[in-house]
Amino acid sequence: LYVFDGGYAGLGPVEGGRLDLALIARVDALNACGNSPQRLFEERMLGNPLLRERLRSEPPCSRWMTTGPLRFNVRTPASHGAIFLGDAAGTIDPFSGEGMSNALRGAELALPFVMEALAAGGLTPASARAWSSVWLGAFAPVTRRARLFRRIFHHPRPASLAMSLLRLP
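Starting afresh in each chain, residues are numbered from 1 along the sequence in its written order. The predicted nature of this model means local features are confined to residues of pLDDT at least 70 and side-chain atom pairs, given and counted, to a pLDDT of 80 or more, with totals for whole chains, interfaces and linings taken over all residues. The side-chain figures draw on all heavy atoms in the structure; neither hydrogens nor water molecules are used.

Student: Sorry, what's going on with the side chain of Ser132 here?
Tutor: Secondary structure elements follow DSSP: runs of H or I no shorter than four residues count as helices, runs of E no shorter than two count as strands, and numbering proceeds from the N terminus. Residue placement: Ser132 occurs in helix H5 (residues 125-153). A residue is classified by how much of its surface remains accessible, and Ser132, at 15% relative accessible area, is buried. When sequence neighbours within four positions are dropped, the list of residues in contact with Ser132 reads Pro77 and Ala78. Only protein chains enter the accessibility calculation, which uses a 1.4 Å probe; a residue is then buried when its area is under 20% of its type maximum, exposed when over 50%, and partly exposed in between. Residues count as neighbours in contact if any of their non-hydrogen atoms are within 4.5 Å of one another.

Laid out in structure tokens, this is it:
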């Protein structure tokens, strides 16, 4: 995890010895760089000496791909007779590394509700409420914790302090 003024980035190895660079940047940080991901990269991200060293001036192997703005939060786990899983039920900040595992765990938790809905010919309002309660109990605390970390990592000084604390034995 590499913090920069206006966001954070992560690097992951991919095939061929290449690195995948993924980042979250605040809209105001991107706006300050003329809405240019390349300028954001050059002016802000490379301001982090650890990230700059890690990338070693390697040329990009693809163009920038962007999406957003994103809203990380708990959503409605069930509505209109449907059970939602994964990002459809609620998204979590990617730095948490829990998105895929949350989706898989959600599928495990949903199985009895799906089986009941199949037997009953549809999801009843009572089952939808019960599923929502189970989902919120399992994932709302994780989402709140990730939101707290996002707030910390979106500001350079607290982020720097947090990263220093993470290096302690």
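Right, picking up where we left off after that structure.
Student: Could you clarify how one ought to interpret the packing of aromatic side chains in this entry?
Tutor: Centre distance and the angle of the planes are the two values used to describe a pair of aromatic rings. Two rings from Phe, Tyr or Trp (for Trp, the six-membered ring) form a pair when their centres are within 6.5 Å of each other. A pair whose planes differ by under 30 degrees is stacked, one over 60 is edge-to-face, and the rest are tilted. Using the criterion set out here, one finds 3 aromatic pairs in the structure. Both rings, one in Trp135 and one in Phe139, keep their centres 5.1 Å apart while their planes meet at 50°; by these two values the pair is tilted. Of this pair, Trp135 and Phe139 both sit in helix H5, 4 residues apart, roughly one helical turn. For Phe139, a relative accessible area of 4% gives the class buried.

Student: Explanation requested: the pattern of salt bridges in the structure shown.
Tutor: Where charged atoms of side chains with opposite charge meet at close range, the side chains can pair. We count a salt bridge whenever a side-chain nitrogen from Lys or Arg sits within 4 Å of a carboxyl oxygen from Asp or Glu. Applying the stated criterion across every chain yields a total of 5 salt bridges. Among the ionic pairs, Asp28 bridges to Arg26, the shortest N-O distance being 3.0 Å.

Student: Could you clarify how one ought to interpret empty space enclosed by the protein in this entry?
Tutor: With a probe scaled to a water molecule rolled over the atoms, the places where space remains empty come into view. Using protein atoms alone on a 1 Å grid, points that fit a 1.4 Å probe yet trap it form a cavity, whereas open point sets bounded by protein on both sides within 12 Å along at least five of seven lines form a pocket; residues with an atom within 4 Å of a point count as lining. Grid points are joined across faces, edges and corners, and a volume is the space filled by probe spheres set on the points. Here the structure, examined in full by the defined rule, presents 1 cavity of 30 Å³ or more. Put simply, the largest cavity is a space of about 110 Å³. Residue lining of the largest cavity: 11 residues in total, with Gly86, Gly90, Gly99, Asn102 and Trp135 positioned closest to the centre. Every element with two or more residues in the lining of the largest cavity is listed here: helix H4 (99-120) and H5. Put simply, Ala, Val, Leu, Ile, Met, Phe, Trp, Tyr, Cys and Pro go in the nonpolar bin, Asp, Glu, Lys and Arg in the charged bin, and everything else, Gly too, in the polar bin. Looking at the lining of the largest cavity residue by residue, the class counts come to 4 nonpolar, 6 polar and 1 charged.

Student: How should the sheet that holds strand S2 (residues 7-14) be read in this particular structure?
Tutor: The rule for pairing is simple: two strands pair if DSSP sees at least two bridges between them. Within the open sheet, the 3 strands sit side by side as S1-S2-S3. Their pairing is antiparallel. Each end of this open sheet is capped by a strand with a single partner; those strands are strand S1 (2-4) and strand S3 (18-25). Strand-to-strand twist of the sheet, defined as the mean angle between neighbouring strand axes without regard to direction, takes the value 25°. Where S2 meets S3, 8 bridges bridge the pair, whose relative direction is antiparallel. Among the inter-strand pairings, Pro13 is bridged to a residue of S3, identified as Leu19. To obtain an axis, a line is fitted to C-alpha atoms, over the contacting stretch when the element is a helix, and the angle between two such axes runs from 0 to 180 degrees between their N-to-C directions.

Student: Looking at this model, I keep getting lost on a nonpolar patch on the surface. Mind explaining?
Tutor: On the surface, a nonpolar cluster with roughly 400 Å² of combined accessible area is contributed by Leu111, Val114, Met115 and Leu118. Counting through the fold element by element, Leu118 comes out in helix H4. Residue Leu118 is classed as exposed on the basis of its relative accessible area, which comes to 63%. Patch definition: residues above 30% relative accessible area lacking any salt bridge, with like charges linked at up to 9 Å and the nonpolar side chains Val, Leu, Ile, Met, Phe, Trp and Tyr linked at up to 5 Å. Computed by Shrake-Rupley with a 1.4 Å probe, the accessible areas treat only the displayed protein chains as cover when residues are assessed.

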